[in-house]
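# Understanding the architecture of this molecule
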Amino acid sequence: MTLLSLSQVGKRFAAAQKEGGTQALDGLSFEIPPGQFVSLLGPSGCGKSTALRLAAGLLEPDAGVITYPGGRPETAFVFQEPTLMPWADALTNARLPLDLKHVPRDEATNRAQQALARVGLGGFERAFPRELSGGMKMRVSLARALVARPKLLLLDEPFAALDEIARNALGDDLLRLWREDGLTVVFVTHSVGESSYLSQRVLVMTGRPGRIAADIALPTGRDTRLSPATIEAQRAINSALNGAMAA
Amino acid sequence: MKHTRDIALPVTVAMLVLGLWEWAVAHWQVPPYVLPAPSAVARAFLENFASLMAALAATLAVTLEAFLSATVLGVAAAIAFSQSRLLERTFYPYAVILQVTPVVAIAPLILIWVGFERINLALVIIATIVAFFPILAGATLGLKSADFNLIDLTRLYGASRAQVLWRIRLPTSLPYLLSGMKTAGGLALIGAVVAEFVAGSGTATGLAWRIVESGNRLEIATLFAALALLALTGVLIFAALSLLEWMLLRRWHESAINRPS
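Conventions used here
Residues numbered from 1 in each chain as written. Chains lettered and ligands numbered in written order. Predicted model: local features only at pLDDT ≥ 70, side-chain atom pairs only at ≥ 80, totals over all residues. Core = buried A, V, L, I, M, F, W, Y, C linked by C-beta atoms within 7 Å. Buried ≥ 20, exposed ≤ 12 C-beta atoms within 10 Å, placed from the backbone. Helix = DSSP H or I, 4+ residues; strand = E, 2+ residues; numbered from the N terminus. Domains from an automatic or database assignment. Contact = placed C-beta atoms within 7 Å. Pairing = 2+ DSSP bridges. Axes fitted to C-alpha atoms, helices over the stretch in contact; angles between N-to-C directions. Left-handed = near helix turned anticlockwise from the far one by under 90°. Nonpolar A, V, L, I, M, F, W, Y, C, P; charged D, E, K, R; others polar.

Another point: the nonpolar core. All names here are of chain A. Ranked by internal contacts, the top residues of the largest apolar core, which has 75 residues, are Leu40, Leu116, Ala143, Leu154 and Val204. Considering each element in turn, this core owes the most residues, 8 residues, to helix H4 (residues 134-147). Built from parts of two domains, this core gets at least three residues from each of domain 1 (4-73 + 151-246) and domain 2 (84-149). The contact partners of Ala143, leaving out residues within four places of it in the chain, are Ala94, Ala115, Leu116, Arg118, Val119 and Leu121.

What follows is the structure in structure tokens.
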């Protein structure tokens, strides 16, 4: 079973000046089965974010095909920045996807409240983004992603701007939400530590133009960030990453 | 404490200047048709109170009508531009031309075309032209300033252009629009005054006409009273728009947030 499949995908961005441009991705292929938590790991500028936007349908590939064999899943996207509406409170922000889909107001409000409670923001419905910490804003962003009950959750370095304590807390929450909802998660990161603990599988990408250098299935037993299995996974990911950088 | 100081300092300066002015006029026996003393201006203001207020009402009506139509037209044009690059590229240059052409130069044409029998409409059109551009420029910039990622996100949920406009672009543009409106408020008043000047005798009935008339009759004290009233009106318009800005932005925009210091 496959939820999302990229086959020989290429993407080129036109340069701001003159001819040329940047080949962000070239021959990128991978398949993701439903329910899996996959990390997309690679050096800065390797096209991870581009791959994620392609998967979301926010960009069109120049080459190759992107397919969803089981039909287009309900998809949510979390950006590196919280990307909230500063003029709206947490509840209105979390409700945005439902408002856009014309879900009746009462139901939308209810579901947004539940989503906020699930990310630990019960009681902060009326708070404006500027009144919230970086971690809390990211939680609102996560609640907004969950509110439309997605099948596929795409996260683009969502915790990169947070301090380590907030990052770890949010990582654990993300794991819990993934298990509870049976989500399929594609998690773009450049943190070996994060990917080794959070995901079941790590796709290591080469430098630009990006393609898959290694596809690593992580063993179970990674119960904490310091479990021997987690450390072992980090070793495997690191060596694949070094191989990808050298190639 | 800080607020008291913000008010006390300019008021003290005003008192000093007025006192010095009063003294200087008496000391050097300046003729009142050159420079009347502040007390004479105050007397002229009280003597002509009813007629000055009527003139103020006329000017204020033109100003507000012009301000409102400039706001509606400016926002409408900015929305049209935000929906179509082609439209923007085609028509923005004309908005700039309208802005850089001195309104005094086109005012006579407008008066002729609209006709002196509809003088009020002509005055409003002239003042609207003066006030229009800052609204258009502010709203256009604001509508373009929306967070790309936020717009991508709405696309993910199949949002229509109208939804993106209403939920994302318009709220984003609000601080820029309000800033344009603050400039436009003052310009609408200036436009009304210029229009009255150009319209000239017998037709216009506003404060600017009172200034011209008082000047012709060498009633300089009345002229000063009308002038002071005009300045005060400008300040009040600015204050009212600043208040509106603060009320709309205080919860979320950096410009309106009082940081504890």
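Moving on from the coordinates now.
Residues and elements named next belong to chain A. Pairing is antiparallel across the open sheet formed by 3 strands, whose spatial order is S2-S1-S4. Either end of the sheet is taken by a strand with one partner, and the two such strands are strand S2 (22-32) and strand S4 (63-67). Geometrically, the sheet is characterised by an average inter-axis angle of 20° between neighbouring strands, direction not taken into account. Across 4 bridges, the pairing between strand S1 (residues 4-13) and S4 is antiparallel. Each bridged residue has a counterpart across the sheet, and for Leu6 the counterpart in S4 is Ile66.

Turning next to the sheet that holds strand S6 (residues 152-156) of chain A. Residue and element names in this part refer to chain A. Pairing within the open sheet is mixed, and its 6 strands lie in the order S5-S6-S7-S3-S8-S9. Each edge of the sheet is formed by a strand with only one pairing partner; in this case those strands are strand S5 (75-78) and strand S9 (212-217). The sheet shows a mean angle of 15° between the axes of neighbouring strands, direction not considered. One ladder, built from 5 bridges, connects strand S8 (residues 201-205) with S9; its direction is antiparallel. Within the sheet, the bridge partner assigned to Met205 lies in S9 and is Ile212.

Turning our eyes to something else, we now look at the packing of helix H3 (residues 49-83) of chain B against helix H8 (residues 161-199) of chain B. All names here are of chain B. Two numbers describe how H3 lies on H8: the axes approach to 7 Å, and their chain directions differ by 145°. Seen from above, H3 lies across H8 with right-handed handedness. Classifying every residue of the contact of H3 with H8 by side-chain character gives 14 nonpolar, 7 polar and 3 charged.

Let us now look at the domain arrangement of chain A. Residues and elements named next belong to chain A. Along its sequence, chain A is organised into domain 1 (4-73 + 151-246) and domain 2 (84-149). Taking the mean C-alpha position of each, domain 1 and domain 2 sit 26 Å from one another. Each partner contributes to the interface: domain 1 provides 10 residues, whereas domain 2 provides 9 residues. Among the elements that make up the side of domain 1 that touches domain 2, the one with the highest residue count is helix H5 (residues 164-181) (5 residues). Looking at the side of domain 1 that touches domain 2, its residues break down into 9 nonpolar, no polar and 1 charged.

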